[in-house]
Amino acid sequence: GDSNLALYLWSGHSGKGSRQWQERMLRSLVDAGRFFEAAAAWSRLNDGIGVGQVDPDFRTDRLAPFGWNLASDASGVAEPQGDGRLHVLYYGRNDKVLAGQLLMLGPGRYRLAMRVSGATPTAKSLAWTMRCLPSGTELASLPLGTKVAELSASFTVPAAGCRAQRLELNGTAPEIAEQAEATIGRLRL
């Protein structure tokens, strides 16, 4: 359809302007519920890389929404450490998605696991969630603890109504704003 034509017309272009345009096109396909078209387009724009699995390295060179979308603003910062770890600093002033990636998992059982270190006592305001798209149904929630810990949550992707999933690290503002910090590593699904 129109996304194939757009990809054909833009296939030779690169640079910051085209990256923003490509991410906008991908987001509009996702917003329209055209997940498989978005995945095919994303794969073509990322040199044929398969889509839909979690990226444990938190790479920023891959286009959102199938690549990580990491926050960096007045609400908080999520910064890859380059060794498969993500350092998160959340200021606690307002609710914020600090990290997010779109996945396309087939129906079945899964386990999300990670190691959390350097967590401040306020890190309980941070939690990973896995949601179905397009319904928004929550499949799993995994709050960060306050000490070095291996965290995991099991969930099931249903056979219907869950063509794509959104994995997000959310900061939820407490009544009195408190800074929260943690480092996430060894993310696996």
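Residues numbered from 1 in each chain as written. Predicted model: local features only at pLDDT ≥ 70, side-chain atom pairs only at ≥ 80, totals over all residues. Heavy atoms only, no water.

(A) Focus on the packing of aromatic side chains. Under the definition given, this model contains 4 aromatic pairs. Ring plane angle 40° and centroid distance 5.0 Å describe the contact between Phe 58 and Trp 68, whose orientation is recorded as tilted. Here the residue Phe 58 occupies a position in the loop between helix H3 (35-45) and strand E1 (69-70), and Trp 68 occupies one in the loop between H3 and E1, the gap between them amounting to 10 residues. Using a relative accessible area of 0% as the deciding quantity, one classes Phe 58 as buried. Judged by its relative accessible area of 4%, Trp 68 falls in the buried class. (Phe/Tyr/Trp six-rings, centres within 6.5 Å; stacked < 30°, edge-to-face > 60°. Helix = DSSP H or I, 4+ residues; strand = E, 2+ residues; numbered from the N terminus. Buried < 20%, exposed > 50% of the residue type's maximum accessible area, 1.4 Å probe, protein only.)

(B) Inspection of unusual backbone geometry at higher detail. The step from Ala 64 to Pro 65 runs through a cis peptide bond, and the omega angle for that step is 10°. Tracing the chain through its elements places Pro 65 in the loop between H3 and E1. Pro 134 follows Leu 133 through a cis peptide bond whose omega is 10°. Within the secondary structure, Pro 134 is located in strand E7 (residues 126-134). You will see that Phe 58, though not glycine, has its phi angle at about 55°, which is positive.

(C) Layout of the pairing of strand E6 (residues 108-117). Inspection of the sheet shows E6 paired to strand E9 (residues 149-157) by 9 bridges, in the antiparallel sense. By the bridge assignment, Tyr 110 is partnered in E9 with Phe 155. The pairing of E6 with strand E11 (residues 180-188) spans 4 bridges and is classified as antiparallel. In the strand pairing of E11, Arg 115 is matched with Gly 185. (Pairing = 2+ DSSP bridges.)

(D) Looking closely at H3. Listed as buried for H3 are Phe 35, Ala 38, Ala 39, Ala 41, Trp 42 and Ser 43. Directly after H3, the chain includes Asp 47, whose backbone phi takes a positive value near 55°.

(E) Focus on the layout of surface pockets. Approximately 160 Å³ is the volume attributed to the largest pocket. Considering the residues around the largest pocket, the lining is formed by Arg 19, Gln 22, Leu 45, Asn 46, Asp 47, Ile 49, Arg 59, Asp 61, Arg 62 and Leu 63. Residues that form the lining of the largest pocket fall into these classes: 3 nonpolar, 2 polar and 5 charged. (1 Å grid on protein atoms, 1.4 Å probe; cavity = no way out; pocket = protein on both sides within 12 Å on 5 of 7 lines; lining within 4 Å. Points joined across faces, edges and corners; volume = space filled by probe spheres on them. Nonpolar A, V, L, I, M, F, W, Y, C, P; charged D, E, K, R; others polar.)

(F) Molecular detail of the side chain of Gln 165. Structurally, the position occupied by Gln 165 is in strand E10 (residues 162-171). Here the side chain of Gln 165 touches Leu 105 through a polar contact of 2.7 Å, landing on its backbone nitrogen. A polar atom in the side chain of Gln 165 sits 3.0 Å from the backbone oxygen of Cys 162. Contacts of Gln 165, omitting those with residues within four sequence positions, involve Gln 101, Leu 102, Leu 103, Met 104, Leu 105, Met 130, Arg 131, Leu 133, Leu 139 and Val 157. (Polar contact = N/O pair within 3.5 Å; in protein donor to acceptor, adjacent residues only side chain to side chain. Contact = heavy atoms within 4.5 Å.)

These figures capture arrangement, not role.
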